[in-house]
Amino acid sequence: MRTITLLLVAGLFAAAAVGCESTSQRDAERQQTARALVEEAETFLERGLEDSALAAFGLALEENPQLAAAHMGMGQIYLGRGNYDLAGPAYQRATEVEPSNAEAYYRLGFTQQMRGSVEQSLRNYLRALSLNPEHMEANRDIASAYLQVGRAGDAVSYARRAVRLNPDSQAAWANLGGAYSLLRRYEEARDAYRQAMDLGERHRPVMLGLAEAHLQLGSHEQAVHVLEVLLEDHPDYGLAHERMGTAYFRLGEYEKALAAYERAHEIDERDTSALNGIGASLMTMYLETNRRESHLRDRAVRAWQQSLRIRPDQPRISDLIVRFRRS
């Protein structure tokens, strides 16, 4: 009887061992299948077959939900389509299953920034950089995120590192120019924007930033030149017309300034800077006539009054109206 009992116990252990071996073998087979599906999905991506790639990534996750590469692949497709609502969760899951994946944190931060969740994006960019301080894109984009929330002092060090890591990145140089400009370091801003200009297309923010740096440095003719080039590409860019008005005004060319301000106002009737510029140009022209051409003064006051109706909190404009009404 005892012998039979021992045989039964031995049989149970053997069955358990076989079961464990079988389970382990099945797990290994599923892992292998999942990896093969990821490779298949990547091949589909190389051929531009995104829907097929999504399906293959999905099948891979059914075999192994902890496969970071599959989550990253799905996130990449959604991100490329501009579908940040789907890309974000994919990258979030990748960070959960692979917490050491700097790229996953970077891409999660990027999707959050694109959705307007800048504070969240900053946290994930910082996490990515804690894992890989030399991640160029994370340095570049955390600089832009800091600029979005007005923290230029924080942005500048990351922007510097980004241009060091990739001196050919136009976006990195543009971020550096923006940071220097907000810090009122206009010579450095000018140089950074010039570098950005040399590296790619004539993007509006880069050219406008360069023009503004010239204005702040008193290089008004150079500002006019940059703005002329910008307006050749974007003739209906109201802000460029407004800055052109400022450049001409500072050069003492008041009729050209007036024309530029009026064009800016035509494009955006609620542009108070353009209306204030119209008033300043007209009033200066009035004063240059030894106060004879009163219609210029009246038009100037009307422009300032219109500006105040749009944005009442402008004490300087209110004072000008009171002052010149009596002249």
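Keep in mind the model is a prediction, meaning the values are calculated, not measured. (Residues numbered from 1 in each chain as written. Predicted model: local features only at pLDDT ≥ 70, side-chain atom pairs only at ≥ 80, totals over all residues. Heavy atoms only, no water.)

Helices and strands together make up the secondary structure of the chain, namely 17 helices and 0 strands. Against the compact-globule benchmark of 20 Å for 327 residues, the chain has a radius of gyration of 31 Å, which places it well outside the compact range. A principal-axis box enclosing the C-alpha atoms of the chain has dimensions of 130 × 40 × 35 Å. When burial is assessed residue by residue, the chain has 45% of its 327 residues classed as buried. Long-range pairs, those at least 24 residues apart, make up 47% of the contacts in the chain with a sequence separation of at least 6. As displayed, the chain offers around 17600 Å² of accessible surface, 48% of which is attributable to carbon and sulfur atoms. Measuring between centres, the 38 positive side-chain charges of the chain sit 8 Å from its 45 negative side-chain charges. (Helix = DSSP H or I, 4+ residues; strand = E, 2+ residues; numbered from the N terminus. Rg over C-alpha atoms; globule rule 2.2 N^0.38 Å. Buried < 20%, exposed > 50% of the residue type's maximum accessible area, 1.4 Å probe, protein only. Contact = heavy atoms within 4.5 Å. Areas by Shrake-Rupley, 256 points an atom, 1.4 Å probe, with all protein chains shown as cover. Lys, Arg positive; Asp, Glu negative; His and termini not counted. Charge placed at Lys NZ, Arg CZ, Asp CG, Glu CD.)

For the rest of this paragraph, the subject is the UniProt feature "repeat: TPR" (unreviewed entry) in the chain. Taking the numbering used here, the UniProt-annotated feature "repeat: TPR" (unreviewed entry) corresponds to residues 68-101, 102-135, 136-169, 170-203 and 238-271. For the annotated span residues 170-203, helix accounts for 74% and strand for 0% of the residues, and the straight-line distance between the end C-alpha atoms is 10 Å. (UniProt positions renumbered as here; feature names shortened; annotations may be inferred.)

Turning next to the packing of aromatic side chains. Tallying each qualifying case throughout the model produces 5 aromatic pairs. Taken together, a centroid distance of 5.9 Å and an interplanar angle of 25 degrees make the contact between Tyr146 and Tyr158 stacked. Here the residue Tyr146 occupies a position in helix α7 (residues 136-148), and Tyr158 occupies one in helix α8 (residues 152-165), the gap between them amounting to 12 residues. Tyr158 shares its class with Tyr146; the two are buried. Put simply, the rings of Tyr106, Phe110 and Tyr125 touch in pairs and so form one group of aromatic residues. One residue, Arg204, lies across the ring of Tyr237, its end atom 4.0 Å from the ring centre. (Phe/Tyr/Trp six-rings, centres within 6.5 Å; stacked < 30°, edge-to-face > 60°. Lys NZ or Arg CZ within 6 Å of the ring centre and 35° of its normal.)

Counting 70 residues, the largest nonpolar core has Ile142, Leu176, Leu227, Leu230, Met244, Met283 and Trp304 as the members making the most contacts within it. Not counting chain neighbours up to four residues away, the residues in contact with Leu227 comprise Leu208, Ala211, Ala240, Arg243 and Met244. Listed in part, the 22 residues of the second largest apolar core include Leu37, Phe57, Ala70 and Met72. (Core = buried A, V, L, I, M, F, W, Y, C linked by side-chain atoms within 4.5 Å.)

Now for the environment of Arg270. Within the element layout of this structure, Arg270 appears in the loop between α14 (254-267) and α15 (272-288). Spatially, the C-alpha atoms of Arg270 and Ala102 are 45 Å apart, while their sequence positions differ by 168 residues.

Attention now goes to helix α16 (residues 294-310). A rise of 1.5 Å per residue sets the reference length of α16, with its 17 residues, at 24 Å; its end C-alpha atoms lie 25 Å apart and thus fit the reference within 8%. Those residues of α16 lying buried are Leu296, Arg297, Ala300, Val301, Ala303, Trp304, Ser307 and Leu308. With its buried residues spanning 160 degrees around the axis, α16 presents them on a single face. Close packing links the buried residues of α16 with α15 and α17 (315-325). (Expected span 1.5 Å × (residues − 1). Arc of directions from axis to C-beta.)

This part covers the side chain of Asn124. Summarising the element assignment, Asn124 is placed in helix α6 (residues 118-131). Assessed through its relative accessible area of 12%, Asn124 is described here as buried. Reaching out from Asn124, the side chain makes a polar contact with the side chain of Gln112 at a distance of 2.8 Å. Discounting residues that sit within four places of it in the chain, Asn124 has contacts with Tyr105, Leu108, Gly109 and Gln112. (Polar contact = N/O pair within 3.5 Å; in protein donor to acceptor, adjacent residues only side chain to side chain.)

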